[in-house]
Protein chains: 2
Amino acid sequence: MYRTKTCGELRLADAGSIVTLCGWVQRTRKMGGMTFVDLRDRYGITQLVFNQEVNADLCDQANKLGREYVIQVIGTVAERSNKNPKMDTGEIEIIVDKLNVLNASIVPPFTIEDDTDGGDDLRMQYRYLDLRRSAVRRNLELRHKMAFEVRRYLDAHHFLEVETPVLIKSTPEGARDFVVPSRMNPGEFYALPQSPQTLKQLLMVSGFDRYFQIVKCFRDEDLRADRQPEFTQIDCEMSFVEQEDVLQMFEGMTKHLFKYIKNIDFTDPFPRMTWADAMKYYGSDKPDIRFGMKFVELKDLTEGKNFGVFDSVPFVAGICCPGCATYTRKQLDELTEFVKRPQVGAKGLVYVRYEANGNFKSSVDKFYSAEDLKAWAERFGAQPGDLMLILAGETMKTRKALCELRLEMGSRLGLRDKNVYAPLWVIDFPLFEWDDETQRFYAMHHPFTSPNPEDIDMLESNPGAVRANAYDMVVNGTELGGGSIRIHDSVLQDRMFKVLGFTEEQAQAQFGFLMNAFKYGAPPHGGLAFGLDRFVSLFAGLDSIRDCIAFPKNNSGRDVMLDAPSPIAQAQLDELSINVCLKKD
Amino acid sequence: MYRTKTCGELRLADAGSIVTLCGWVQRTRKMGGMTFVDLRDRYGITQLVFNQEVNADLCDQANKLGREYVIQVIGTVAERSNKNPKMDTGEIEIIVDKLNVLNASIVPPFTIEDDTDGGDDLRMQYRYLDLRRSAVRRNLELRHKMAFEVRRYLDAHHFLEVETPVLIKSTPEGARDFVVPSRMNPGEFYALPQSPQTLKQLLMVSGFDRYFQIVKCFRDEDLRADRQPEFTQIDCEMSFVEQEDVLQMFEGMTKHLFKYIKNIDFTDPFPRMTWADAMKYYGSDKPDIRFGMKFVELKDLTEGKNFGVFDSVPFVAGICCPGCATYTRKQLDELTEFVKRPQVGAKGLVYVRYEANGNFKSSVDKFYSAEDLKAWAERFGAQPGDLMLILAGETMKTRKALCELRLEMGSRLGLRDKNVYAPLWVIDFPLFEWDDETQRFYAMHHPFTSPNPEDIDMLESNPGAVRANAYDMVVNGTELGGGSIRIHDSVLQDRMFKVLGFTEEQAQAQFGFLMNAFKYGAPPHGGLAFGLDRFVSLFAGLDSIRDCIAFPKNNSGRDVMLDAPSPIAQAQLDELSINVCLKKD
């Protein structure tokens, strides 16, 4: 071993002992005849001292050290005269006797500090240097700890981690597959799994009872901040369970993580909200319930006053922003601009100031009397000093826009503290989504999701109204995971496929092996999958999942450090029996 | 929850309690007016009892249950009159009050028993049924436990599990890559990692200090029993270490696994053997040292006696088989046939019986006197009653053949007990291998393996004699893992590339990002990787790694259950800018 101690562990009690340390030169400073070097490793930073008067040669060597040199030093731990209470090792320094340069470094393209001067592209190209920054490394340490605690919890609850294959079969339904040409089976391709969904259901048929896997999944989709072509799921499945059992088990796992990672004790059960309520009150299937400002619907109170904008639409609703009656014209204009952005999509914004003196001032004073506005305020539960913001239009579109406005106001009012966590189960999702373009129903989750038993009778007569035995866990407006109780009855599965417009042949071609397996005694089962990248990002307070991935890809799916993807040799293509055929522009 | 207890947990102390169980019908038997059902789940088997006289309807229902039906029963735990001490639940049975068929099963294509009547192909096609057999499931339970204990040990030793990407860059050196066409980057391909070797070295450059990952790796090679296109490594790397540190750390991990999984305490250090000795005494770089029978070289003792077979070759060596002097002509003929098989490749076999009365009988009595044979026996350390078996020929080829003969004799003599474990470090591997065909040296491990410091001077003058800082862990003749101390000095790395015949450009094209990274302060580092599949197979006493993989592929790389690989749609190919071009036969 090149060292006896790390750069993070020496304390005042170690004073007097002789140690060997290794690490990277964070910085050097000369002060009079003294040279100080901050030596950094994964565990911390320790100050080294060289004294010109005591050993001029050694001090000269120290003065020649460049940033990011890798060095080994032998020296004596001494109490610092000038202690640094911000550092764990701030009470000591090392009086160096011997210095050994293990490796030099050319000048790095950006500074290795929390506030680096390197831009995104440069840091991605030199990701191995970016990872030296403790702000980045801490995210990966957190990721390790979270994965370990997930495993500890699930192991204690008798889940078996089973590795499912990465080279599987392509299924056209769902997102786009990454495919892998098979050399031994010319003209044929493997697909990389979008999730181990069908394989974990097979494991339930196999009687594995409780399965999990922390597993890479792959989707060839266009990318954005919270999407990567490869991502990691905590994938779970249980047999002989009902929805309540799954919720309990994974609420327990989430509480375990909060407790052991964030030191936060959630003693109460997580709140639950139906999908219908989530849409009605928050305009989203993943509401951020760190703050209130629930939607209030006003259509009935606004009608018949000759305000065409409200009269001509099916839906009028708003939020009440506490203490915002003093918002200036400029602030209100900003909010109007915000809701008119294409991503939000509202046509305009109506406001009503409930002023501190009890008067109302609104952008629709022409149409509505103080009496009218008072009735609105009552429905909002508004207090003097509050501001009501109202949108109108087609129901779902307006809800979506109002959701964005609510989140924006939450942020402006400081109600979305990253250190406050508000978990929530969203339940009773619709089983189907209607697609206008193809004029058919699609499974909202996947075709194996079981309907709520109360709604089974409507499966053929009113598919759109059937609720699924499906659930999402949402924390602070982020969907951390979701799942469902699966169909284990082949008669029900057949009905499901019919509603989805599958012929028997199509169903057989796509899901034949699973349907076949279900003939041999499938147990009732269900499960869910968490997105590990999102879970870690949430705990780390990150804006992008990229920051908790060691070697992420950019928005073109490129790893700019490795320069992947890249062309391959013709000999490789020949062996695989494929050709590249580029389209001409 | 559909159940209150599992089928593995009820004991005599539970008698009288009312329970709900779920599981699969293992078998039913009628005895007089009683019907007994063995109910199976992952945790065990519990006997259910139905009594015609008490409840005829219920008993009739039970009589209609088929094999592998999934049922739920409510009943009372009762003491058995006819106890089965072989089963954990053998002291009790359930007097059933209520029976609920959760799912029927058609007749499975083979019996779900340890000794099944299903052939390999059938069991692979219906792998989800094969996995119901407890013999198979136990291997996967073991795998889960081993992976968990690996993580527990490494976490306690400050290793961070870091996920490295699966979509990386293809490198032509080494085995064949699986590649993935990129839709967003037409004409370009990702490769699936053969191992995260370069990425884990980058993590050391990043200062991660101690990394591990239990990770899928991919090699597009022709397959055999101990090879799968996708396999799992326990991949590890450490900074600021020398070889001794790595050996200590992972010997510790291996001992931890033996202790917590197999309840075997290895208190002594694992023996170490140089590669040169392993070849000299066992003819293999992975000797099975559960038994002796070390090679004895005889060339000098055999010369000049006009036995052309021995005189004409550079190498004569044999093994001494204790107590085998009584081997019959037939047995000796069998052994001769064995060594003449093409896989073994010897031309013939010379034997010398050291009979109990002290006489010698050999197949070369014409050429060698009793005196001569006595001298041989002395060198062998043979005792009266032993049998000496001798091969001759080109050195390495003969060693390899003698290795096979030694293993065969070990098996015949019962010296290779699967419950006895003999771990071993093989060290001091050669750094290079000479390839006659291409007339150049190749890196025996990979081009980043550091030479033994004592041999660095010979790097250019005598590359073939340079030992590497490389090591393998071998248990019972199986290589479980291996690794090396890496080169962290770019000058030494350049010399290495030159010996390997790389131009600067070639080195840059293939390993540019790693060589570049090394310019920014690479720490001394080293590591190793274990094959998890092999490790589990060893602990489970399996002959093939397939038996510890949930969904393995066959020798053509096919998953016959999923029917993968398979053709994909033209639209998919078009999106990926590739075409299939099948060669005509």
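Preceding this paragraph is the structure being described.
On a predicted model such as this, the values are computed, not experimentally measured, just so you know.

Focus on the overall build of chain A
Then step 1. Scanning chain A from N- to C-terminus turns up 16 helices and 23 strands.
Then step 2. By its C-alpha atoms, chain A is 90 × 75 × 60 Å across when sized along the principal axes.
Then step 3. When burial is assessed residue by residue, chain A has 58% of its 585 residues classed as buried.
Then step 4. Across chain A, every contact between residues at least 6 apart in sequence was considered, and the portion connecting residues at least 24 apart equals 65%.
Then step 5. By element, 48% of the accessible surface of chain A is carried by carbon and sulfur atoms, the whole surface being about 24200 Å².
Then step 6. Distance between charge centres in chain A, computed from 72 positive and 85 negative side chains, equals 4 Å.

Comments concerning helix H10 (residues 329–340) of chain B
Residues and elements named next belong to chain B.
Then step 1. Between its terminal C-alpha atoms H10 stretches 16 Å, which fits the 16 Å expected from twelve residues at 1.5 Å a residue.
Then step 2. Along H10, the residues classified as buried are Leu332, Leu335, Thr336, Phe338 and Val339. Looking straight down H10, one finds that the buried residues subtend no more than 155 degrees of arc, so they occupy a single side. Pointing more than 90 degrees away from the buried face of H10 are the exposed residues Arg329, Lys330 and Glu337.
Then step 3. Buried positions along H10 lie against strand E14 (350–354), strand E16 (387–393) and helix H12 (395–412).

Concerning the packing of helix H7 (residues 275–282) of chain A against helix H12 (residues 395–412) of chain A
Any two packed helices are characterised by how steeply their axes cross, that is the angle between the axes, and by the distance between the axes.
Residues and elements named next belong to chain A.
Then step 1. It is the contact of H7 with H12, at a shortest axis distance of 8 Å, that shows an interaxial angle of 65 degrees. On the basis of the axis angle, H7 is roughly perpendicular to H12. Residues Trp275, Met279, Lys280 and Tyr282 of H7 lie in contact with H12, whose contacting residues are Met396, Arg399, Cys403 and Arg406.
Then step 2. The residue inventory of the contact of H7 with H12, partitioned by class, reads five nonpolar, no polar and three charged.

Topic: the interface of chain B and chain A
Interfaces are often sized by the accessible area lost when the parts come together.
Then step 1. Every contact between the two is made by 125 residues of chain B and, on the other side, 125 residues of chain A.
Then step 2. Summing the contributions of chain B and of chain A, the shared interface buries around 11400 Å²; its carbon and sulfur component is 60%.
Then step 3. Viewed at the interface, chain A and chain B are joined by 16 salt bridges.
Then step 4. Note that Asp563 of chain B and Lys169 of chain A form a salt bridge whose closest N and O atoms lie 3.7 Å from each other.
Then step 5. Put simply, chain B and chain A have 73 residue pairs in polar contact (both at pLDDT 80 or more) between them.
Then step 6. Counting residues per element, the side of chain B that touches chain A draws most heavily on helix H4 (residues 134–156) of chain B, at nine residues.

Examining helix H11 (residues 370–380) of chain A
Residues and elements named next belong to chain A.
Then step 1. When H11 is considered as a whole, its buried residues turn out to be Asp372, Leu373, Trp376, Ala377 and Phe380. Taken around the axis of H11, the buried residues stretch over an arc of 140 degrees, which confines them to a single face. In H11, the exposed positions that point more than 90 degrees away from the buried face belong to Glu371 and Glu378.
Then step 2. Looking one or two places after H11, you find Gly381, whose phi comes out positive at around 65 degrees.

Things to note about the relation of the copies chain B and chain A
Then step 1. Overlaying chain B on chain A yields an RMSD of 0.1 Å, the required transformation being a rotation through 180 degrees with an accompanying axial translation of 0.0 Å. Accordingly, the operation relating the two chain copies is best matched by a two-fold axis.
Then step 2. The overlap is high: 100% of the interface residues of chain B also sit at the interface in chain A, so the same surface is used on both sides.

A closer look at the pattern of salt bridges
Any two side chains of opposite charge can pair, on the condition that their charged atoms come close.
Residue and element names in this part refer to chain A.
Then step 1. What the rule picks out here adds up to 96 salt bridges over all chains.
Then step 2. A salt bridge links Glu297 to Arg399, with the shortest nitrogen-to-oxygen separation between them at 3.4 Å. Taken together, the positions of Glu297 in strand E12 (residues 296–297) and Arg399 in helix H12 put the pair 102 residues apart, joining distant regions of the chain.
Then step 3. The buried category is assigned to Arg399, whose relative accessible area is 13%.
Then step 4. Members of the salt-bridge network, linked through shared partners, are Asp120, Arg123, Arg127, Asp130 and Arg133.

Focus: unusual backbone geometry
Then step 1. Omega for the bond connecting Ala564 of chain A with Pro565 of chain A falls within 30 degrees of zero, at 0 degrees, which places this linkage in the cis form.
Then step 2. For Pro565 of chain A, the location among the structural elements is in the loop between helix H15 (532–540) and helix H16 (570–575).
Then step 3. Backbone geometry at Gln439 of chain A places phi at a positive 55 degrees, although glycine is not the residue there.
Then step 4. Structurally, Gln439 of chain A can be placed in the loop between strand E18 (432–435) and strand E19 (440–443).
Then step 5. Among the residues examined, Gln439 of chain A registers a relative accessible area of 52% and is labelled exposed.
Then step 6. Here the phi dihedral of His158 of chain B falls at roughly 70 degrees; this positive angle occurs in a residue that is not glycine.

Describing the side chain of Arg42 of chain A
Then step 1. Here Arg42 of chain A lies in the loop between strand E2 (34–41) and strand E3 (44–51).
Then step 2. Using a relative accessible area of 10% as the deciding quantity, one classes Arg42 of chain A as buried.
Then step 3. Within the structure, the side chain of Arg42 of chain A is placed 2.8 Å from the backbone oxygen of His158 of chain B, a separation counted as a polar contact.
Then step 4. At 3.0 Å, the side chain of Arg42 of chain A forms a polar contact with the backbone oxygen of Phe208 of chain B.
Then step 5. Setting aside residues no more than four positions away along its own chain, Arg42 of chain A makes contact with Arg137 and Glu141 of chain A together with His158, Leu160, Gly207, Phe208, Asp209 and Arg210 of chain B.

A short note on the pairing of strand E4 (residues 70–79) of chain B
Residue and element names in this part refer to chain B.
Then step 1. The element E4 is largely enclosed, with a buried count of seven among its ten residues.
Then step 2. Pairing analysis gives ten bridges linking E4 to strand E5 (residues 92–103), with the strands arranged antiparallel. Each bridged residue has a counterpart across the sheet, and for Val77 the counterpart in E5 is Ile94.

Describing the sheet that holds strand E16 (residues 387–393) of chain A
All names here are of chain A.
Then step 1. Across the sheet, five strands lie side by side as E12-E13-E16-E14-E15; this open sheet has antiparallel pairing. Because the sheet does not close on itself, it has two edges, and the strands there are E12 and strand E15 (360–362).
Then step 2. Relative to E16, strand E13 (residues 315–321) is paired through seven bridges, and the arrangement is antiparallel. Among the inter-strand pairings, Val316 is bridged to a residue of E16, identified as Ala392.
Then step 3. Relative to E13, H12 is tilted by about 10 degrees, and along the sheet it contacts E12, E13 and E16.

Examining the sheet that holds E16 of chain B
Then step 1. Spatial ordering of the open sheet is given by E12-E13-E16-E14-E15 (chain B), a layout of five strands whose pairing is antiparallel. Edge positions in the sheet fall to strand E12 (296–297) and strand E15 (360–362) of chain B, since each has one partner strand and no second.

Brief notes about the state of the cysteines
Then step 1. One pass over the structure, following the stated rule, counts zero disulfides over all chains.
Then step 2. In this model Cys7 of chain B remains outside any disulfide bridge; the closest cysteine sulfur is found in Cys22 of chain B, 7.9 Å from its own.

Considering the pairing of strand E5 (residues 92–103) of chain A
Then step 1. Pairing of E3 of chain A with E5 of chain A involves two bridges; the strand directions are parallel. Bridged to Leu48 of chain A within E5 of chain A is Ile94 of chain A.

Points about the environment of Met124 of chain A
Then step 1. Along the chain, Met124 of chain A falls in helix H2 (residues 120–125).
Then step 2. In sequence terms Met124 of chain A and Glu221 of chain A are 97 residues apart; their C-alpha atoms lie 21 Å from each other.

Details of the packing of helix H5 (residues 197–205) of chain A against helix H14 (residues 504–517) of chain A
Residues and elements named next belong to chain A.
Then step 1. Relative to each other, H5 and H14 sit at 15 degrees, their axes nearing to 10 Å. As summarised for this structure, H5 and H14 are arranged roughly parallel, according to the angle between their axes. Helix-helix and strand crossings are classified by hand; for H5 and H14 the assignment is left-handed. Packed against H5, whose contacting residues are Thr198, Gln201, Leu202 and Val205, the element H14 presents Phe513, Leu514 and Ala517 at the interface.
Then step 2. The residue inventory of the contact of H5 with H14, partitioned by class, reads five nonpolar, two polar and no charged.

Cut-offs applied
- Residues numbered from 1 in each chain as written.
- Chains lettered and ligands numbered in written order.
- Predicted model: local features only at pLDDT ≥ 70, side-chain atom pairs only at ≥ 80, totals over all residues.
- Heavy atoms only, no water.
- Helix = DSSP H or I, 4+ residues; strand = E, 2+ residues; numbered from the N terminus.
- Buried < 20%, exposed > 50% of the residue type's maximum accessible area, 1.4 Å probe, protein only.
- Contact = heavy atoms within 4.5 Å.
- Areas by Shrake-Rupley, 256 points an atom, 1.4 Å probe, with all protein chains shown as cover.
- Lys, Arg positive; Asp, Glu negative; His and termini not counted.
- Charge placed at Lys NZ, Arg CZ, Asp CG, Glu CD.
- Expected span 1.5 Å × (residues − 1).
- Arc of directions from axis to C-beta.
- Axes fitted to C-alpha atoms, helices over the stretch in contact; angles between N-to-C directions.
- Parallel < 35°, antiparallel > 145°, perpendicular 65-115°, else oblique.
- Nonpolar A, V, L, I, M, F, W, Y, C, P; charged D, E, K, R; others polar.
- Buried area = accessible area lost by both parts, 1.4 Å probe.
- Salt bridge = Lys/Arg side-chain N within 4 Å of Asp/Glu carboxyl O.
- Polar contact = N/O pair within 3.5 Å; in protein donor to acceptor, adjacent residues only side chain to side chain.
- Least-squares fit on C-alpha atoms with pLDDT ≥ 70 in both.
- Pairing = 2+ DSSP bridges.
- Disulfide = S-S within 2.5 Å.
- Left-handed = near helix turned anticlockwise from the far one by under 90°.

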